[in-house]
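A structural walkthrough
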Amino acid sequence: NGISLEYATEGRFVAGVDLDEGTNIFEVVAANPDNNLTTTKTKQYIYYPLASAGITGHWAGETLTRPFAFDIYEFAGVYIIDGTLTIDATVLGDPLVVQDVIIAGQIHEDGTIDAALSLDADGILVTGFLNGVFLSTGTAAGEYGVTIAKARWPTVTASAKWTAVRE
């Protein structure tokens, strides 16, 4: 965005920027003056400080046509995510739907979601992660990954994208 940067021999560079609340658009132009070649890459970054993002409350999400829900609340200055997820791994072969997988984690200062998935019931052990980011006030998206194990079953791993809106 009009700022010239120094770069390392492998092409890496670092630049500190101030973000405006809302949509920030970055345009990076790489130029090689020796042969007059240039390339441009544009990246959009949406930034809402947690204090003004309106993230607390009940959220309704969906992944692979399976609804799920979670709550976000503030406790001692930390934003907590707490909810449950249904995982439908049927597309991997035999029918396998695991309900009430626990989502527990926190929201970092940059608005990223970092949560663990877990369930230990009826001989089924589920472990995994749920990551994401707030896209704007009232919407979020990300991905999750799980490993599902049960005695005498092959271990199943699955991942999917998810979206959610604050209700």
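Before reading further, recall that the structure is shown in the block above.
Throughout, residues of each chain are indexed from 1 in the direction in which the sequence is written. Only residues with pLDDT of at least 70 get local features here, since the model is predicted, and only at 80 or more are side-chain atom pairs given and counted; chain-wide, interface and lining totals rely on the full set of residues. Only hydrogens and water are removed before side-chain values are computed, so all heavy atoms of the structure are retained for them.

Some thoughts on the overall build of the protein
The numbering of helices and of strands both runs from the N terminus, where a helix is a DSSP run of H or I of at least 4 residues and a strand a run of E of at least 2. Assigned secondary structure in the protein consists of one helix and ten strands. For this measure, only C-alpha atoms enter the radius of gyration; the expected value for a globule follows 2.2 Å times N^0.38, where N is the number of residues. The C-alpha radius of gyration computed for the protein amounts to 20 Å, which surpasses the reference 15 Å derived for 167 residues by more than 25%, pointing to a less compact arrangement than a globule. Considering only C-alpha atoms, the protein reaches an extent of 65 × 40 × 25 Å along its principal axes. Burial status follows relative accessibility: with a 1.4 Å probe on protein chains alone, a residue under 20% of its type maximum counts as buried, one over 50% as exposed, and anything between as partly exposed. Going through the 167 residues of the protein one by one, you find that 28% of them count as buried.

A word on the nonpolar core
Here is a general trend for soluble globular proteins: nonpolar side chains tend to be buried in one another's company. Core analysis: the biggest nonpolar cluster contains 31 residues, and Ile-72, Ile-81, Val-126, Leu-130 and Ile-148 have the highest contact counts within it. Of all elements in the fold, only strand S4 (66-75), strand S5 (78-88), strand S6 (97-107), strand S7 (112-121), strand S8 (124-136), strand S9 (139-150) and strand S10 (156-166) reach the threshold of two or more residues within this core. Whether two residues are in contact is decided by their heavy atoms: any pair within 4.5 Å suffices. If we ignore the near neighbours within four places in the chain, the residues touching Ile-72 are Ile-55, Thr-56, Gly-57, Trp-59, Tyr-79, Ile-80, Ile-81, Ile-107 and Phe-134. Among buried residues, those of type Ala, Val, Leu, Ile, Met, Phe, Trp, Tyr and Cys that are joined through side-chain atoms within 4.5 Å constitute a nonpolar core.

Side note on the sheet that holds S7
DSSP calls a pair of strands paired once it identifies at least 2 bridges connecting them. With respect to topology, eight strands assemble into a closed barrel ordered S3-S4-S5-S6-S7-S8-S9-S10, the strand pairing being antiparallel. The average angle at which neighbouring strand axes cross in this sheet is 25°, direction not considered. Axes here refer to lines fitted to C-alpha atoms; in helices the fit is confined to the stretch in contact. Angles between the N-to-C directions go from 0 to 180 degrees.

Some words on the pairing of S8
Taken together, the ten bridges between S7 and S8 define a ladder with antiparallel strand orientation. Considered in S8, the bridge of Thr-112 is made with Val-133. The hairpin turn running from S7 into S8, its antiparallel successor, is two residues long, and Asp-122 in that turn takes a positive phi close to 55°. As judged from the twelve bridges shared by S8 and S9, these two strands associate in the antiparallel manner. Counterpart to Val-126 in the pairing with S9 is Ile-148.

Here we look at the pairing of S10
Where strand S3 (residues 57-63) lies against S10, four bridges are found, and the strand directions are antiparallel. Across the sheet, residue Ala-60 finds its bridge partner in S10, namely Val-165. Examined bridge by bridge, S9 and S10 share ten bridges and lie antiparallel to one another. By the bridge assignment, Ala-141 is partnered in S10 with Thr-163. The antiparallel hairpin formed by S9 and S10 contains five residues in its connecting segment, where Arg-152 sits at a positive phi of about 65°.

With respect to unusual backbone geometry
Excluding glycine, a negative phi dihedral is what most residues carry, and trans is how most peptide bonds are arranged. A positive phi angle is found at Ala-76, which is not glycine, with a value near 55°. As for its position among the elements, Ala-76 is in the loop between S4 and S5. A positive phi is found at Asp-122, a non-glycine position, where the angle reads about 55°. With respect to the element layout, Asp-122 can be found in the loop between S7 and S8.

Focus: a nonpolar patch on the surface
Each patch is built from salt-bridge-free residues with over 30% relative accessible area, joining like charges within 9 Å and nonpolar side chains (Val, Leu, Ile, Met, Phe, Trp, Tyr) within 5 Å. Method for areas: the Shrake-Rupley scheme with a 1.4 Å probe, in which residue coverage is limited to the protein chains shown. Salt bridge, as used here, is a side-chain nitrogen of Lys or Arg placed within 4 Å of a carboxyl oxygen of Asp or Glu. A cluster of nonpolar side chains, Ile-3, Leu-5, Tyr-7, Phe-13 and Val-28, forms an exposed patch at the surface whose accessible area comes to about 520 Å². Along the chain, the position of Leu-5 falls in the segment before strand S1 (22-32).

Digging into the side chain of Thr-63
With respect to the secondary-structure elements, Thr-63 resides in strand S3. Residue Thr-63 is classed as buried on the basis of its relative accessible area, which comes to 2%. Pairs of N or O atoms within 3.5 Å make up the polar contacts considered here, provided that, within protein, one atom can donate a hydrogen while the other can accept it, and that residues adjacent in sequence are counted only when both atoms are side-chain atoms. Separated by 2.6 Å, the side chain of Thr-63 and the backbone oxygen of Lys-161 make a polar contact. Beyond its immediate stretch of four places on either side in the chain, Thr-63 contacts Phe-68, Leu-85, Tyr-144, Ala-160, Lys-161 and Trp-162.

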